[in-house]
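Read off the chains here:
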Amino acid sequence: MLSKKVTELLNKQVNAEFYSAYLYLDFSNYYKDEGLDGYSNWYYIQAQEERDHAMLFIKYLQQNGESITLEAIDKPDKEYKAFIDPLNMGAEHERLVTSMINEIYAAAYEEHDFRTMQFLDWFVKEQAEEEDNADDNVKKFELFGSDSRSLYELDTEMKNRVYTAPSLVLD
Ligand code: FEO
């Protein structure tokens, strides 16, 4: 039995993860339009990962006998004036998601909800990776993105990313 507060926060996180998928799909579409297929691929896969995160929160709630309320997903309303803009926005967005995960963790900790804390441990680790990857994307672009040949190579590198299912499996 999860507390009302933890349940609400987990439900809110379902929406937040779907919004992340939507946002990253918007990044992917922008790069596709601009001819940067590698960056488009990278964010397409990131969108798939975010959808997976949403599904994990749904499964966890269901495993604990809770119902899900699917809320409307906000329209991504970002404007991209330069190729680096989505990368900076992505890094900022991941920090926001980390703070949301931390908020759920803190609520679970307060209520001695060790089961939810254990479930969230995977996300705590995942967020460290997501922030690191996002920062890495910004750094590499700052270093090499202004030269067209290097940008071509960076884009080719981003094309290599392949989708892998999350290591956390909930039956
Ligand atoms: Fe689901 Fe990128 O955090």
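It should be emphasised that the depicted structure is a prediction, and the values quoted were computed from it without experimental measurement.

## Topic: empty space enclosed by the protein
Under the defined criterion, the tally for this structure stands at 1 cavity of 30 Å³ or more. Size it by volume and the largest cavity reaches roughly 60 Å³. For the largest cavity, the full set of lining residues is Tyr24, Trp42, Tyr43, Gln46, Gly90, Glu94, Glu130, Asn133 and Ala134. Counting only elements with at least two residues in the lining of the largest cavity, the list comes to helix H2 (37-63), helix H3 (85-110) and helix H4 (114-144).

## Considering the layout of surface pockets
Considered as a void within the structure, the largest pocket measures approximately 290 Å³ in volume. As for the largest pocket, its lining consists of 14 residues, and the residues nearest its centre are Tyr19, Leu23, Lys78, His93 and Leu96. For the lining of the largest pocket, the elements supplying multiple residues, two or more each, are helix H1 (4-33) and H3. A class-by-class count of the residues in the lining of the largest pocket yields 7 nonpolar, 3 polar and 4 charged. Put simply, the second largest pocket is a space of about 220 Å³. Ranked by residues supplied to the lining of the second largest pocket, first place goes to H4 with 6 residues. Counted by class, the lining of the second largest pocket contains 3 nonpolar, 4 polar and 7 charged residues.

## Let's talk about the pattern of salt bridges
All told, the structure shown has 8 salt bridges when counted by the stated rule. A salt bridge links Glu79 to Lys81; its shortest N-O distance comes to 4.0 Å. In this pair, the class of Glu79 matches that of Lys81, namely exposed. A salt bridge links Lys140 to Glu157, with the shortest nitrogen-to-oxygen separation between them at 2.9 Å. One end of the pair, Lys140, is in helix H4; the other, Glu157, is in helix H5 (residues 148-159), with 17 residues separating them in the sequence. Taking the relative accessible area as the measure of exposure, Glu157 reaches 41% and is therefore partly exposed.

## Details of unusual backbone geometry
Phi at His112 is positive, roughly 55°, even though this residue is not glycine. Within the secondary structure, His112 is located in the loop between H3 and H4. The class of His112 is exposed, set by a relative accessible area of 58%.

## Focus: the nonpolar core
The nonpolar side chains of a soluble globular protein tend to be buried with one another. Among the nonpolar cores identified, the biggest contains 24 residues, and Leu10, Phe57, Phe119, Phe123 and Leu168 are the most heavily contacted of them. Counting residues per element, the ones that place at least two in this core are H1, H2, H3 and H4. Sort the elements by how many residues they give to this core and H2 lands first, with 6 residues. For Leu10, the contacting residues outside a window of four places in its chain are Leu2, Phe57, Tyr60, Leu61, Ile104, Thr116 and Phe119. Of all hydrophobic cores here, the second largest spans 22 residues; its members include Leu23, Leu87, Val138 and Leu151.

Definitions and cut-offs
- Residues numbered from 1 in each chain as written.
- Predicted model: local features only at pLDDT ≥ 70, side-chain atom pairs only at ≥ 80, totals over all residues.
- Heavy atoms only, no water.
- 1 Å grid on protein atoms, 1.4 Å probe; cavity = no way out; pocket = protein on both sides within 12 Å on 5 of 7 lines; lining within 4 Å.
- Points joined across faces, edges and corners; volume = space filled by probe spheres on them.
- Helix = DSSP H or I, 4+ residues; strand = E, 2+ residues; numbered from the N terminus.
- Nonpolar A, V, L, I, M, F, W, Y, C, P; charged D, E, K, R; others polar.
- Salt bridge = Lys/Arg side-chain N within 4 Å of Asp/Glu carboxyl O.
- Buried < 20%, exposed > 50% of the residue type's maximum accessible area, 1.4 Å probe, protein only.
- Core = buried A, V, L, I, M, F, W, Y, C linked by side-chain atoms within 4.5 Å.
- Contact = heavy atoms within 4.5 Å.

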